[in-house]
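# Descriptive analysis of the structure
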Amino acid sequence: MQKGRPRQACFHIVYICPLVQASHAEAIGAHAISAIPPVFHKPATISNMLLFFKEVSAGAPSLPLFMYNNPDATGVHFDSVEVLKNAYSKVPNLRGAKFTSFNLTEFTGCLQLHDGFYQMMYGRDEQLLAALALGATACVGSTYNYTGRLNNRLLAAYRRGDMAAAQKEQYRSQAAVLVMKKYECIVGSAGVGKAIMQLIGLNLGPPRLPSVALSADQLKELRKDLTEIGFFDWH
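Residues numbered from 1 in each chain as written. Predicted model: local features only at pLDDT ≥ 70, side-chain atom pairs only at ≥ 80, totals over all residues. Heavy atoms only, no water.

Attention now goes to the overall build of the protein. Secondary structure assignment for the protein yields 11 helices and six strands. For 235 residues, the compact-globule estimate of 2.2 N^0.38 gives 18 Å, and the C-alpha radius of gyration of the protein, at 19 Å, lies within 12% of that figure. Seen through its principal axes, the protein has C-alpha atoms that stretch 50 × 40 × 40 Å. Within the protein, buried positions represent 45% of all 235 residues. By sequence separation, contacts in the protein at least 24 residues apart represent 61% of the contacts at least 6 residues apart. Split by element, the accessible area of the protein, about 12700 Å² in all, is 56% carbon and sulfur. A gap of 6 Å separates the mean positions of the 23 positive and 17 negative side-chain charges of the protein. (Helix = DSSP H or I, 4+ residues; strand = E, 2+ residues; numbered from the N terminus. Rg over C-alpha atoms; globule rule 2.2 N^0.38 Å. Buried < 20%, exposed > 50% of the residue type's maximum accessible area, 1.4 Å probe, protein only. Contact = heavy atoms within 4.5 Å. Areas by Shrake-Rupley, 256 points an atom, 1.4 Å probe, with all protein chains shown as cover. Lys, Arg positive; Asp, Glu negative; His and termini not counted. Charge placed at Lys NZ, Arg CZ, Asp CG, Glu CD.)

See below:
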C-alpha cells in the first residue's frame, strides 16, 4: 500500500453460501470481492464454473469480482483465457484474476483480452520479473510479507531499466522460495510463512490447521538455511 492512498479491502468468498458472503461484503463497504473455484465438487466445464462465479457476483453486483486461479492447489485446470473470454458476457463484473500459475503464455493471453479489460495480478513470486516484462502491472503473493523490501527494489530496478539489478533481486527471491519449499512439505505453506515472519520479528501466532507450526529444532534449522543464503541481509 502506498502512503497517502486510502485503504481498500478485497473480501475473499468461499464456496459455502457464496451469495450471503458476497452480499455481506458489499454491505460493509468492501471495494472488491474474490473467489476461488469450488475444490471438492469441482466444476466439470468452464460454463459450470462460471455459474458459480455468476452466483457470487449476484450477491455484490456493484463490486468488481476477481477469480483466484491457482490450479496446482485447487486441481481446477481450465485455460484462463477461455474462462475470461466466456465470462466477458456471462459475468460482467468479473474484472480479473490473481494468476498463480507458471504458465506465462496463458497469463499474457489474459492480459490481451478485450484491449486489456482484465486486471491480472501475478501470483508466482519467483517469476515476478518475467511477468513484469510480459506486461504485468500488479502482483499478489505470500512471500511479499517477508520480502517486501527486496521486491520493491526489484520493481524500482525494472522501472528504471536496470535489468541486472532486477535480476539480482529476483534470484534472491527464488533462493528464499526454495528454502520455504523445503519446509512447506513438512508443515504447510502457512506454517513456514509464519515461522519466517517470526524470525524477522513479527510473531503472528500459530497457523490455521492443517498447517502446523515448526518445532524449535526446525525453526533453528530454518534460521540456519536463511542465514546461508543471506536472507537477513537483504529481505
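All chains considered together, the criterion is met by nine aromatic pairs. Taking 5.4 Å as the distance between ring centres and 65° as the angle between the ring planes, the aromatic pair formed by F52 and F53 counts as edge-to-face. Relative accessible area serves as the criterion here: at 10%, F52 is assigned to the buried category. Given the relative accessible area of 0%, F53 is considered buried. Relative to F231, the ring of Y146 has its centre 6.3 Å away and its plane inclined at 65°; by these criteria the two rings are edge-to-face. Highlighted residues: Y146 in the loop between β6 (138-139) and α7 (148-159) and F231 in helix α11 (residues 231-234), separated in sequence by 85 residues. For Y146, a relative accessible area of 5% translates into the label buried. (Phe/Tyr/Trp six-rings, centres within 6.5 Å; stacked < 30°, edge-to-face > 60°.)

Looking at the protein, pLDDT values average 92 and 94% of them are 70 or higher. The least confident element of the protein is strand β1 (residues 10-13), whose mean pLDDT is 69; the most confident is helix α6 (residues 128-133), at 98. (pLDDT = per-residue confidence, 0-100.)

Tallied over the full model, the rule gives seven salt bridges. Between E169 and R153 there is a salt bridge, and its shortest N-O distance comes to 3.0 Å. Taken together, the positions of E169 in helix α8 (residues 163-187) and R153 in helix α7 put the pair 16 residues apart, joining distant regions of the chain. Overall, E169 belongs to the buried group, its relative accessible area being 8%. Close ionic contact of R160 with D162 constitutes a salt bridge, the shortest N to O distance being 3.7 Å. According to the relative accessible area criterion, D162 is partly exposed, its value standing at 29%. Within this structure, R153, E169 and R172 form a network of salt bridges that share partners. (Salt bridge = Lys/Arg side-chain N within 4 Å of Asp/Glu carboxyl O.)

Attention shifts here to the nonpolar core. I33, L65, F107 and M120 are the most contacted members of the largest nonpolar core, which has 34 residues in total. Listing elements by their share of this core, those giving two or more residues are α1 (18-27), β2 (32-35), α2 (46-59), β3 (65-69), α4 (80-90), β4 (94-99), α5 (104-112) and β5 (119-122). Excluding residues within four positions of it along the chain, M120 makes contact with L84, G96, A97, F99, F107, C110, L111 and A138. The next biggest cluster of nonpolar side chains, apart from the first, holds 19 residues, and it includes Y146, A195, I196 and W234. (Core = buried A, V, L, I, M, F, W, Y, C linked by side-chain atoms within 4.5 Å.)

When α4 is considered as a whole, its buried residues turn out to be S80, V81, V83, L84 and A87. Viewed along the axis of α4, the buried residues span an arc of 155°, placing them on a single side of the element. For α4, the elements touching its buried residues are α2, β3, β4, α5 and β5. Measuring from the backbone nitrogen of V81 back to the side-chain oxygen at the start of α4 gives 2.8 Å, which picks out D79 as the cap. (Arc of directions from axis to C-beta. Polar contact = N/O pair within 3.5 Å; in protein donor to acceptor, adjacent residues only side chain to side chain.)

This part covers the environment of C185. Of note, C185 is situated in helix α8. Residues C185 and E221, spaced 36 residues apart in sequence, show a C-alpha to C-alpha distance of 15 Å.

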